[in-house]
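Structural overview for review
Listed below are the residues making up each chain.
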Amino acid sequence: MNGKPLVSIVSAGLSKFGKQEGLYARELFAQAVKEAFDRCPRLEPKRDIKAMFVGHMGESYEHQGHTGSTVADWAGLLNIPATRTEAACASSGAALRSGIYAVLSGLADVVLVGGVEKMTHRSTAEVTEYLAMASDYPFEQWHGITFPGLYALMATAHLHDYGTTERQMAMVAVKNHYHGNLNPKAHMQKEITVEKALSSRVVASPLKLYDCSLITDGASCVILTKPEQAGKFTDSPVHIVGSGQASDTIGLYERKSFTSLLSAKLAANTAYGMAAVKPEEVDVAEIHDCFTISEIMAYEDLGFCAAGDGGKLIESGETRLGRGIPVNTSGGLKAKGHPVGATGTAQAYEMYLQLTEQADKRQVKDARVGLTHNVGGSGATATVHIYRSAL
Amino acid sequence: MSTQEPFTIEQFYKFLGQRKLMAGKCTRCGKIHLPPRPLCDECFSQEFEWTEVSGKGKLLTYSIIHVAPQQFQGMAPYAVGIIKLENGIKIPGMIAGATQEQLKIGMDLTIDFGTCNTAQPWPQWPRYCFKRWSSSSKRKIRQKKGSKTEFR
């Protein structure tokens, strides 16, 4: 496809991320779509939007499944076809990809894709149990291996094989909290120190509290259309020029490597190829930092550095705002928060802001090429998308 | 060894209750499946035979879980790991009674049937965990003889 736009993003919306007491997921989703509609006055939602895909991981949180139609109703978009996509923490990465399929197929010219999760009203033990559902039931969950536990198994191997340090992992948390402090919608609005991160309590060794992303409520969406129609709705669209998705074994234990996610590498290769973009051409990236080690591994899987050098890359400071390849300017899952179903399209929202120069204090100067990396579970799903500014 | 038992995860756990670690072997392409599967992901054959697998292996990676799901809270903190068995198959599990300091990548472990029971009734099928492979009595004997303690 040689870098031609697949689809164009003409608007985007994000609810406030954080603890949203007294709100249902559908009400959070309404916040996100309202922003997207307001940003795009030339769009008439009821007339123009022809289909909807919504990422939502768990019906356990609110005892509510059937999310597609539920949130379509609260978005004022009945009676369009509305479908929930589920791929654990990559649920809305999968929604985005489904939206691209829909537009490219010609079945729907304008599609709203988004995601939502309401989590904070549940106890940590309950959330731990629900998130573990993204892993293998009879061999991982049965043996008490939690979701942080799976990434801890990867971290132990990465530390052992490559000499990555717990201090380097802490630096990911420090950087993303620094960025989160520049994002008024982020869950955490405060900076932390390496010492604070290193001295936090152990969740699953070697991962400590500050190595883990947040339990957050939030919703996100973007509106897609055909590139040739984007001008009808906006003068500054963002084009999606590459889209990759791959699967892998549900059980971490069956994989050849515990220090790299094959699904992410495959998705990235597909997306880079489609976009005709090389890793060194990426100006800004939102990476799935569900744990600090996952950002370090993603640097390697996405080709930002060689295998094993992820720890050195965070230490170099190159992934901080103002440096070579700013990663997670939104604060990432670590500081912006991780309402799991909402994360994939929240990353796309950040790319929309960055590539239309609306990211305010956290704007990456001259950002033209962006990348998002959204991982489900311990890597049984990964989606990678590449974006190009129309400016 | 071959029986009429179905090549399912449930049957795998039933064998564990008989203190046997059993895998399905594809009779067409020879691939060993642990857990067993009803359809070979390599050659799509549905013909298998049961084969008993050695429970000895080496630790590939590990973690001590401190924040546990509700069902396991009474046990936390506890060790988990991924073990590469002698035939090359990898399986995860708890490592009985092991502390952070005792765990080393590459250390020898062996399966221990049914000793990792949770206080709660979930999960209800027989299970396994891993333990260090040199038993304490063996080590004592070696130490008495003045030889180095070896974790073979």
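Cut-off values and rules
Residues numbered from 1 in each chain as written. Chains lettered and ligands numbered in written order. Predicted model: local features only at pLDDT ≥ 70, side-chain atom pairs only at ≥ 80, totals over all residues. Helix = DSSP H or I, 4+ residues; strand = E, 2+ residues; numbered from the N terminus. Buried ≥ 20, exposed ≤ 12 C-beta atoms within 10 Å, placed from the backbone. Contact = placed C-beta atoms within 7 Å. Core = buried A, V, L, I, M, F, W, Y, C linked by C-beta atoms within 7 Å. Domains from an automatic or database assignment. Pairing = 2+ DSSP bridges. Nonpolar A, V, L, I, M, F, W, Y, C, P; charged D, E, K, R; others polar. pLDDT = per-residue confidence, 0-100. Axes fitted to C-alpha atoms, helices over the stretch in contact; angles between N-to-C directions. Parallel < 35°, antiparallel > 145°, perpendicular 65-115°, else oblique.

**Things to note about the overall build of chain A**
Broken down by element type, chain A carries 14 helices and eleven strands. C-alpha atoms of chain A, sized along the principal axes, occupy 55 × 45 × 40 Å. For chain A, with 391 residues in total, the buried portion stands at 67%. Contacts spanning at least 24 positions in sequence make up 78% of the contacts within chain A whose residues lie at least 6 apart.

**A closer look at the nonpolar core**
Note on soluble globular proteins: their nonpolar side chains tend to be buried together. Counting 168 residues, the largest nonpolar core has Ile9, Phe29, Val111, Val222 and Tyr352 of chain A together with Ile95 of chain B as the members making the most contacts within it. Residue contributions to this core peak at nine residues, all from helix α6 (residues 147-162) of chain A. Mapped onto the domain boundaries, this core takes at least three residues apiece from domain 1 (9-52) and domain 2 (56-136) of chain B. Other than its neighbours up to four places away in sequence, tyrosine 352 of chain A contacts Ile9, Ala12, Val222 and Val238 of chain A.

**What to know about the sheet that holds strand β2 (residues 32-33) of chain B**
Residue and element names in this part refer to chain B. Spatially, three strands are ordered β2-β1-β3 in an open sheet, and the strand pairing comes out antiparallel. The open sheet is flanked by β2 and β3 (48-52), the only strands paired with a single partner. When strand β1 (residues 22-26) meets β3, the two strands line up antiparallel, connected through five bridges. Each residue of the ladder has a partner; that of glycine 24, found in β3, is tryptophan 50.

**Re helix α3 (residues 67-74) of chain A**
Every buried residue of α3 of chain A is accounted for by Thr67, Gly68, Thr70, Val71 and Ala72 of chain A. In the core, the buried residues of α3 of chain A are packed alongside α1 (25-38), β2 (51-55), β3 (82-85) and β4 (110-117) of chain A.

**Here we look at the domain arrangement of chain B**
All names here are of chain B. Domain assignment breaks chain B into domain 1 (9-52) and domain 2 (56-136). Tallying contributions element by element places helix α1 (residues 9-17) first for the side of domain 1 that touches domain 2, with three residues. The residue makeup of the side of domain 1 that touches domain 2, split by class, is six nonpolar, one polar and one charged.

**Focus: the interface of chain A and chain B**
Taken together, the contacts link 27 residues of chain A with 28 residues of chain B. If you list the elements that add at least two residues to the side of chain A that touches chain B, you get α5 (124-132), α6 and β5 (202-204) of chain A. With seven residues, the top contributor of residues to the side of chain A that touches chain B is α6 of chain A. Taken together, the residues of the side of chain A that touches chain B break down into 15 nonpolar, nine polar and three charged.

**Re the environment of arginine 47 of chain A**
Here arginine 47 of chain A is to be found in helix α2 (residues 45-48). As for arginine 47 of chain A and aspartate 109 of chain A, which are separated by 62 residues in sequence, their C-alpha atoms are 11 Å apart.

**What to know about the pairing of β2 of chain A**
Residues and elements named next belong to chain A. The element β2 is extensively covered by neighbouring structure, given that five of its five residues are classed as buried. In β2, alternate side chains face the same way, and those of Ala51, Phe53 and Gly55 on one face and Met52 and Val54 on the other are all buried. Where β2 meets β4, five bridges bridge the pair, whose relative direction is parallel. Within β4, the position partnered with phenylalanine 53 by the bridge is valine 113. Across four bridges, the pairing between β2 and β3 is parallel.

**A word on the pairing of strand β10 (residues 369-376) of chain A**
Residue and element names in this part refer to chain A. Counting buried residues along β10, eight of its eight residues qualify, which places the element largely inside the surrounding structure. Side chains Val369, Leu371, His373 and Val375 project from β10 onto one buried face, and the interleaved Gly370, Thr372, Asn374 and Gly376 project onto a second face that is buried too. In this structure, β10 lies alongside strand β11 (residues 381-389), joined through eight bridges in antiparallel fashion. Bridge pairing in β11 links threonine 372 to histidine 385.

**Overview of the confidence of the model for chain B**
Residues and elements named next belong to chain B. The pLDDT averaged across chain B works out to 83; a share of 78% of its residues lies at or above 70. When mean pLDDT is compared element by element in chain B, strand β4 (residues 56-65) scores highest at 98, while helix α2 (residues 136-144) scores lowest at 42. Scoring the predicted complex yields pTM 0.94 and, for the interface, ipTM 0.94.

**Some remarks on unusual backbone geometry**
The omega torsion across serine 205 of chain A and proline 206 of chain A is 5 degrees, close enough to zero to call that bond cis. As for its placement among the helices and strands, proline 206 of chain A is situated in the loop between β5 and β6 (207-208). In this model, alanine 76 of chain B is joined to proline 77 of chain B through a cis peptide bond whose omega is -5 degrees. Of note, proline 77 of chain B is situated in the loop between β4 and β5 (78-85). You will see that aspartate 366 of chain A, though not glycine, has its phi angle at about 55 degrees, which is positive. With respect to the secondary-structure elements, aspartate 366 of chain A resides in the loop between α14 (343-355) and β10.

**Side note on the packing of helix α4 (residues 91-105) of chain A against α14 of chain A**
Residues and elements named next belong to chain A. At their nearest, the axes of α4 and α14 sit 5 Å apart, and the two run at 65 degrees to each other. In this view, α4 runs roughly perpendicular relative to α14, as classed from their interaxial angle. On α14, the residues that touch Ser91, Ser92, Gly93, Ala95 and Leu96 of α4 are Thr343, Gly344, Thr345 and Ala348. In terms of residue class, the contact of α4 with α14 is made up of three nonpolar, six polar and no charged.

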